[in-house]
Amino acid sequence: MNTKTAQAPKGTRYGTTAIPNNRAPYAKNVIAVTSGKGGVGKSTVSVNLAIALAQLGYKVGLLDADVYGPNVPRLTNTDLEKIRWNDESKIIPSENYGIKIMSVALTTPTSDTPLVWRSSVAVSALIQFLEDVAWGELDFMVIDMPPGTGDIQLTMAQELPITAGVIVTTPQLLAADDVSRAIRMFESIRVPMAGLVENMSYFIAPDTKNRYDIFGTGAGERLAQRYNLKLLGQIPIDMKIREGSDHGEPPVALGSDEQKKYYQDIVKAMLEQVAFNL
Ligand SMILES: Nc1ncnc2c1ncn2[C@@H]1O[C@H](COP(=O)(O)OP(=O)(O)O)[C@@H](O)[C@H]1O
Ligand SMILES: [Mg+2]
């Protein structure tokens, strides 16, 4: 990382992916969680990874960068909170389950208010969330990225030195081009990759305990091999994960030991995979 630009003052010019700015000098590490498509569990994984890091004693912030589909407040039971400012005119982030949280959903009258913003406005809002939120010192800033390979991903990679990228996908999508595109975007903008999370990997019937590989098996390993990525973990389809998430009760905090372990093991693998600044 270029330390000269990393210390660029506020209001500085936009960075480039080769020489990113550092709009979050208070964060020792930045983890970008992304996917090729929506609906694969990216927000669920982001929230639970962030909480799992906090459970290890790290100071963690979670930035909801999916401005057009901000789900983080609902997943963390902070969706009724409204934006507040401190004496220094900095936005006070929400806090729950041991992590600090910022989302555009906190700035809208209701959580289902649509944001009809051009992407330049969305990008400015996110830069403001990096610069004008009282995050305090953080060991990790986890970013729940929007799906795909658009403006917001590019801006985040230009305005932050991303320490590690995590790709979330389902086995069904593993063969699809969308995942490859997300991986190759990270590659081309030189974001170091922590690895791949295969979500909704299989289903264990609660009554018979039979395992069903609804979307087939082995796809995660094949993709990891093709792109030389670590398969950080496989999370099954679990009704309790869906229910808990819908009620703002993250499985890693309030689920069974088994559910906690899925996310805690992924964090362990991630911490082993990347030389984080700690
Ligand atoms: N492992 C899982 N088992 C069951 N449901 C899941 C699992 N992971 C995510 N979900 C559910 O799938 C839906 C999409 O997940 P979400 O995290 O919002 O995806 P994304 O952010 O990629 O759009 C949500 O209803 C969520 O609760
Ligand atoms: Mg989401």
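Residues numbered from 1 in each chain as written. Chains lettered and ligands numbered in written order. Predicted model: local features only at pLDDT ≥ 70, side-chain atom pairs only at ≥ 80, totals over all residues.

Draft legend 1. The overall build of the protein chain, seen in detail. When its secondary structure is counted, the protein chain shows 11 helices and 11 strands. Here the C-alpha radius of gyration of the protein chain, 18 Å, is about what a compact globule of 278 residues would show, namely 19 Å. Along the first, second and third principal axes, the C-alpha atoms of the protein chain reach 55 × 40 × 35 Å. Across the 278 residues of the protein chain, 47% fall into the buried class. Within the protein chain, contacts between residues at least 6 apart in sequence are counted, and of these 79% link residues at least 24 apart. (Helix = DSSP H or I, 4+ residues; strand = E, 2+ residues; numbered from the N terminus. Rg over C-alpha atoms; globule rule 2.2 N^0.38 Å. Buried ≥ 20, exposed ≤ 12 C-beta atoms within 10 Å, placed from the backbone. Contact = placed C-beta atoms within 7 Å.)

Draft legend 2. Structural view of helix α2 (residues 42-55). Here α2 contains 14 residues, and its C-alpha end-to-end distance of 20 Å stays within 8% of the 20 Å for a straight helix at 1.5 Å per residue. Counting buried residues along α2, 13 of its 14 residues qualify, which places the element largely inside the surrounding structure. (Expected span 1.5 Å × (residues − 1).)

Draft legend 3. Geometry of the site of ligand 1. Looking at ligand 1, there are 18 residues lining it, with G41, K42, S43, T44 and R242 nearest. Only α2, β9 (193-204), β11 (231-237) and α9 (239-246) provide two or more residues apiece to the shell around ligand 1. The element that contributes the greatest number of residues to the shell around ligand 1 is α9, accounting for four residues. Split by residue class, the shell around ligand 1 holds five nonpolar, nine polar and four charged. (Near = placed C-beta within 6 Å. Nonpolar A, V, L, I, M, F, W, Y, C, P; charged D, E, K, R; others polar.)

Draft legend 4. Looking closely at the pairing of strand β1 (residues 27-34). Of all eight residues making up β1, seven are buried, and the element is well covered by its neighbours. With six bridges connecting them, β1 and strand β7 (residues 138-144) associate as parallel partners. By the bridge assignment, I31 is partnered in β7 with V142. Direction of pairing for β1 relative to strand β8 (residues 164-169): parallel, over a ladder of four bridges. By the bridge assignment, A32 is partnered in β8 with G165. (Pairing = 2+ DSSP bridges.)

Draft legend 5. Region of interest: the environment of V179. Looking at the secondary structure, you find V179 in helix α7 (residues 177-188). For V179, a count of 23 C-beta atoms within 10 Å corresponds to the buried category. When the C-alpha positions of V179 and A18 are compared, they lie 23 Å apart, and in sequence the two are 161 residues distant.

Draft legend 6. How the structure looks around the environment of N277. Looking at the element boundaries, N277 is found in the segment after α11 (257-273). The spacing of N277 and E198 is 79 residues in sequence and 26 Å in space, taken between C-alpha atoms. Residues in contact with N277, not counting those within four places in the same chain, are K28, N29 and T163.

Note that all results are geometric; they support no functional claim without further evidence.
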